[in-house]
Amino acid sequence: HMFNKYVGFEIGADYLIATQNKALQTARLGGDIVYNKLTTKASNINFFPALRLSVPLNKSISMYSRTGLVIPLVSVIKERFTADGYDTAGNFRKLDINTEIKNRFTIGFAGAIGFEIKVSEKMFFFTEASAQLLNVWSKSGKVTEYEINGKSQLGSLQTYQKETLFKKAISTTSNTGQFSSKPSESLTYQSAFHSVGVNIGLSFRL
């Protein structure tokens, strides 16, 4: 919504499906190749309130800037750990673990600068360069699948093995396994959702 031809307020939302990140470690033991592989994939629903400043260049074209906040309403990171190797008893096994990590509420910053072309009274074509600065902190984690040699072993895990609460600080009283019926506790960690890019599309004005 534009209060006048120079100043307005903008609300946006998006759904992020990030590409997968993979980390792989391999080694040869005797005649066998063993490996550990971790695959992560994030998804976010983000909300963007922002102040918009516009400079008309002529009747149809304007240059504008947008400065505001990025607020992740839903932020989830899914991890899959797979491994071929030997357990402590010397038995060869295939391990497959899926974990879902939920993140804490946080706020970041977003901005853009671009040009828009008036298509009709309410519709505009735009092209812009944009940037986002957002760090999220882990809140909780839960193992959703746990397979050994293709067979589910999830039911055999105790609560502290399946669930984790990520804390800003831990102490000697934190649950690191001594309370099997409660989630384990660990230090929270940060994941970056920064981005820089070019956007092209249509905008609609109220």
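For the structure itself, look to the data block above.
So, a few notes on the structure that sits alongside this text. (Residues numbered from 1 in each chain as written. Predicted model: local features only at pLDDT ≥ 70, side-chain atom pairs only at ≥ 80, totals over all residues. Heavy atoms only, no water.)

Further remarks concern the packing of aromatic side chains. One pass over the structure, following the stated rule, counts 1 aromatic pair. Aromatic pair Phe-166 and Tyr-189: ring centres 5.4 Å apart, planes at 85 degrees, arrangement edge-to-face. You can see Phe-166 sitting in strand E10 (residues 163–167) and its partner Tyr-189 sitting in the loop between strand E11 (184–187) and strand E12 (190–192), a full 23 residues away along the chain. Assessed through its relative accessible area of 11%, Phe-166 is described here as buried. The cationic tip of Arg-52 hangs over the ring face of Tyr-64; the distance from NZ or CZ to the ring centre is 3.9 Å. The ring centre of Phe-179 lies 5.5 Å from the NZ or CZ of Lys-182, which sits over that ring. (Phe/Tyr/Trp six-rings, centres within 6.5 Å; stacked < 30°, edge-to-face > 60°. Helix = DSSP H or I, 4+ residues; strand = E, 2+ residues; numbered from the N terminus. Buried < 20%, exposed > 50% of the residue type's maximum accessible area, 1.4 Å probe, protein only. Lys NZ or Arg CZ within 6 Å of the ring centre and 35° of its normal.)

Now for the pairing of strand E5 (residues 92–103). For strand E4 (residues 61–86) and E5, the ladder comprises 11 bridges, and the chain directions are antiparallel. Across the sheet, Asp-84 pairs through a bridge with Lys-94, a residue of E5. Sheet topology note: the E5/strand E8 (residues 135–148) ladder contains 9 bridges and is antiparallel. Note on E8: the bridge partner recorded for Asn-103 is Ser-138. (Pairing = 2+ DSSP bridges.)

On the surface, a nonpolar cluster with roughly 720 Å² of combined accessible area is contributed by Ile-117, Val-119, Phe-125, Val-198, Ile-200, Leu-202 and Phe-204. The element best represented in the nonpolar patch is strand E13 (residues 195–204), accounting for 4 residues. For Val-198, the position within the fold is in strand E13. (Patch = residues over 30% accessible without salt bridge, like charges linked within 9 Å, V, L, I, M, F, W, Y side chains within 5 Å. Areas by Shrake-Rupley, 256 points an atom, 1.4 Å probe, with all protein chains shown as cover. Salt bridge = Lys/Arg side-chain N within 4 Å of Asp/Glu carboxyl O.)

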